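Structure assessment
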Amino acid sequence: MKEQSAVEPPWSIAATEGQPGPQPPAAMPAPGWRPAPQVVEPGLLAAPGSRAASGAAPGTGAATVTVLSGDTLWAIVANQLGPGASDVDIALEWPRWYSVNRGQIGGNPDVLLPGQILRAPQPS
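This structure is a prediction, so every number in the text was calculated from the model and none was measured. (Residues numbered from 1 in each chain as written. Predicted model: local features only at pLDDT ≥ 70, side-chain atom pairs only at ≥ 80, totals over all residues. Heavy atoms only, no water.)

The next thing to look at is the overall build of the chain. Within the chain, the regular secondary structure consists of 3 helices and 2 strands. Reading the chain from its N end, one meets helices and strands in the order α-β-α-α-β. A total of 124 residues make up the chain; the buried ones form 20% of that total. Put simply, the chain shows about 9,000 Å² of open surface, and 60% of that area lies on carbon and sulfur atoms. (Helix = DSSP H or I, 4+ residues; strand = E, 2+ residues; numbered from the N terminus. Buried < 20%, exposed > 50% of the residue type's maximum accessible area, 1.4 Å probe, protein only. Areas by Shrake-Rupley, 256 points an atom, 1.4 Å probe, with all protein chains shown as cover.)

A few words on the packing of helix α2 (residues 73-81) against helix α3 (residues 87-105). Relative orientation of the contacting elements α2 and α3 amounts to 115 degrees, with a least axis distance of 9 Å. The interaxial crossing formed by α2 with α3 has right-handed handedness. Judged by residue contacts, L73, W74, I76, V77, A78, Q80 and L81 of α2 engage D87, D89, I90, A91, E93, W94, W97, Y98 and I105 from α3. Across the contact of α2 with α3, the residue classes tally to 12 nonpolar, 1 polar and 3 charged. (Axes fitted to C-alpha atoms, helices over the stretch in contact; angles between N-to-C directions. Left-handed = near helix turned anticlockwise from the far one by under 90°. Contact = heavy atoms within 4.5 Å. Nonpolar A, V, L, I, M, F, W, Y, C, P; charged D, E, K, R; others polar.)

The end-to-end C-alpha separation of α3 is 22 Å, well short of the 27 Å expected for 19 residues at 1.5 Å each. The sharpest bend along α3 comes to roughly 50 degrees, located at S99. Every buried residue of α3 is listed here: I90, E93, W97, Y98, N101 and I105. The inward-facing, buried residues of α3 abut β1 (64-66), α2 and β2 (117-119). With its phi angle positive at about 105 degrees, G106 sits one or two positions after the end of α3. (Expected span 1.5 Å × (residues − 1). Bend = angle between axes of the 7 residues up to and from the residue.)

Turning our eyes to something else, we now look at the environment of D89. You can see D89 is positioned in helix α3. Spatially, the C-alpha atom of D89 lies 8.5 Å from that of A78, the residues being 11 residues apart in sequence. What D89 contacts, discounting residues up to four positions off in sequence, is L81 and G84. At 3.1 Å, the side chain of D89 and the backbone nitrogen of S86 are in polar contact. (Polar contact = N/O pair within 3.5 Å; in protein donor to acceptor, adjacent residues only side chain to side chain.)

Structure (C-alpha cells):
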C-alpha cells in the first residue's frame, strides 16, 4: 500500500490503488467563503401596529383609544399620561380606566381584545 503524503487528499490515494475509497466532497468552499446572512421576512411576526402609528401621540389625552394587539391597560394609560408619568401615576390611573370600560373589557382587566374602543375617564 502506498503511504499517504500530507498534500495528497485521501480520495486520490484510493483511486490510484484501484480500491473504492472515500469520495471527494461535492463542492469545496473557497478559503475566504463566509455564509450569507439569512434574510428575515417578519411576515405575521411583525407588530400589527403601534400606538404612535395609530395617530394617538403620547400625552394627548385622547377621548377614546382603540386597543391594539398586545396592549394592556397599563401601557394605554402610560401612553395617555405621557413620558413624564411615574409608575405611581399610572398605578393610580389604570383602575379608573377599567371602571369606566368594565362593560367593554369584562371581568378581567388583564384581557383586552384588539379592536375594543376604550373611553378615557373624566378628568378628576
